Amino acid sequence: MTLAVVFALSIVVFGLIYFYIHKRYSFLEEHGFLHEKPRFPFGNMHGAGKKFHPIQIFQRGYKKFKNQAPAFGQYFFLAHNIVLTDLDVIKDVMIKSFDVFHNRGLFHSKEHDPLTAHLLTLEDQDWRNMRMKLSPTFTSGKMKVMFHTVLDVSKYMIKTLEAKSNLDTVEIKEVLAQFTTDVIGNIAFGLEMKAIDNPDSNFRLMGRKIFGRNSNFLIRLFFLTSFRDLAKNLRLKLLPNEVSEFFRGIVRETVEYRTQNKIERNDFLDLLLKVKEGQSDEDILTIDQIAAQCFLFFIAGFETSSSTATFVLYNLVQHPEIQEKVKNEIETIVAKYDNKVTYDGIVEMKYLQMVIDESLRMFPPVPQIIRKPSRDYKIPGSDLVIPKGSLVIIPNYSIHNDPENYPEPDKFDPERFSEENKLKRHPMTFLPFGDGPRNCIGFRFGLMQTKIALVQLLLNFKFSTTPQTPTHLEIDPSIATLSSLNDIVLKVEKI
Ligand code: HEM
């Protein structure tokens, strides 16, 4: 081949690539969505995962476009997504038009990455069947049964913290992450673990491999989700083999042990095994399906709840008068129940709930909610049409921190969540657990374990700032859930 032919071919190839990129980056303009100018190869995601958390990029667009249109667009590499800003449209998407928006479009691969095929990612009828099977596991009645197991684990946390108290520097996020790891390991995998005793326990290590700073989980998830079909064809995986084998192995062994020894426990695994027993053949959950749900309970349950409790404590040390008020409420209600921490007692703690809600508003652990329309969707009251298959983002972090919804959003003020004040706001201004039929199935459990941890901690210790406590929280850009970049170091004194 002569040099001239090579040169001509290169020009054609580069021309085609340029044309393809240009075509992809014209998509939002052609569909009428406002957007920032994309730059190849990251689109609008320059710095995501390194300098910025994706929610900070969504927030930039949210502030810019919110008052101009009910939705705006963004490019993630070459893929587009649509971010909703109008609260009525969000309500329509999550609730009324659920028949169009029942999927999330997240990457999963039953065949090559079996632990990714769980309730969070399943679609259409597979999701409906699984949600129906799992819903009975998360009722208030089931929470009451599991309450005592969580309480026992919390007593262990208190004992361990007593040994550390009166030291000026306790990194509280790690203490709480060890607590929720123990809880979920116990309830979802049937294991009596002591991550609190051994911060390097396998479960805690797996937690760090998934959510830790170097995991790149968030970027991999977005990437595989944006190029789902290609990723499946190339047999790409979201989870490292090591993580996958660890969780599948534990569930397989525990199920075999329980079946052989006819052991019953009041936990998630038991309830999933009951689904396995009672149904017709096609309804029976396979070991991989059970392992995937348990794995999801682990990833959905431990980080979210420990972050919630950490953010509450962080806010309470900045506001000692609120710490005092919530502690008084806890003491009064515990005294009423014969000096015992009871399920009914924690349900009665209204001010504690307000404190938790206000923390969830400022720092929602799941800071964006995702849906994928199964057909073209015309946004009510506008000419915009969201094309079938687009990734649609509900930016709950931006909504929760929008001064039009919450004046002075950086101020921690639990009174915003009094019954009277809640009624004054649009229902879509508070979405820590999502909404509609695809909301968080585990919200009761998440709140219960958060409350148990806080009640036990506040009954036993006084928390205050130290010179190392951050005065302002930076968001960790590399972690999928909302997490603080700074260690949350507090002074802990035994009462
Ligand atoms: C404070 C703690 C928690 C927070 C803030 C939280 C938040 C969320 C959010 C925002 C969603 C998406 C909802 C939507 O798309 O509308 C979600 C989904 C989900 N969460 Fe949670 N969560 C928490 C605790 C838990 C726990 C403890 C479990 C299980 C043990 C759990 C299991 C799930 C599952 C299975 C889904 C997917 C539901 C479905 O697609 O049908 N979550 N969570």
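As named in an unreviewed UniProt entry, the protein chain is Cytochrome P450, taken from Chironomus riparius.

Caption draft 1: Quick look at the sheet that holds strand S1 (residues 71–76). Read from one edge to the other, the open sheet built from four strands follows the order S1-S2-S7-S4, with strand pairing classed as mixed. Among the strands making up the open sheet, the edge pair consists of S1 and strand S4 (369–371). Between one strand and the next, the sheet's axes are offset by a mean angle of 30°, whatever the strand orientation. In this structure, S1 lies alongside strand S2 (residues 79–84), joined through six bridges in antiparallel fashion. Opposite Tyr75, over in S2, you have His80 as the bridge partner. Each of S1, S2 and strand S7 (391–394) is contacted by helix H3 (residues 54–65), which is oriented at about 150° to S1, the strand it contacts most.

Caption draft 2: Examining the environment of Lys173 more closely. Residue placement: Lys173 occurs in helix H7 (residues 172–189). Considering only alpha carbons, one finds Lys173 and Leu313, 140 residues apart in sequence, at a separation of 9.5 Å. In this structure the side chain of Lys173 is engaged in a polar contact, spanning 3.3 Å, whose partner is the side chain of Glu303.

Caption draft 3: Layout of the sheet that holds strand S8 (residues 461–464). Strand order in this open sheet of three strands is S3-S9-S8, and the pairing throughout is antiparallel. Only two strands of the sheet have a single neighbouring strand rather than two, namely strand S3 (170–171) and S8. Helix H6 (residues 140–164) contacts S3, S8 and strand S9 (489–494) of the sheet and is inclined by roughly 60° relative to S8.

Caption draft 4: Representation of the pairing of S2. A large share of S2 lies buried, amounting to six of its six residues. Once S1 ends, the chain turns through two residues before running back antiparallel as S2, passing Phe77 with a positive phi of about 50°. Relative to S7, S2 is paired through three bridges, and the arrangement is parallel. Paired with Val83 across the strands is Ile393, a residue of S7.

Caption draft 5: Summary view of the confidence of the model for the protein chain. A residue-level look at the protein chain finds 94% of positions with pLDDT of 70 or above and a mean pLDDT of 89. Under the prediction, the complex receives an ipTM of 0.99, its pTM being 0.92.

Caption draft 6: Quick peek at the site of the ligand. Among the 30 residues in the neighbourhood of the ligand, the closest are listed as Arg104, Arg131, Arg371, Arg438 and Cys440. A distance of 2.7 Å separates an oxygen atom of the ligand from a polar side-chain atom of Arg104. For the shell around the ligand, the secondary structure elements donating two or more residues are helix H5 (124–134), helix H13 (287–318), S4 and helix H19 (443–460). In terms of residue count, the dominant contributor to the shell around the ligand is H13 (seven residues).

About the criteria used
- Residues numbered from 1 in each chain as written.
- Predicted model: local features only at pLDDT ≥ 70, side-chain atom pairs only at ≥ 80, totals over all residues.
- Heavy atoms only, no water.
- Pairing = 2+ DSSP bridges.
- Helix = DSSP H or I, 4+ residues; strand = E, 2+ residues; numbered from the N terminus.
- Axes fitted to C-alpha atoms, helices over the stretch in contact; angles between N-to-C directions.
- Contact = heavy atoms within 4.5 Å.
- Polar contact = N/O pair within 3.5 Å; in protein donor to acceptor, adjacent residues only side chain to side chain.
- Buried < 20%, exposed > 50% of the residue type's maximum accessible area, 1.4 Å probe, protein only.
- pLDDT = per-residue confidence, 0-100.
- Near = heavy atom within 4 Å.

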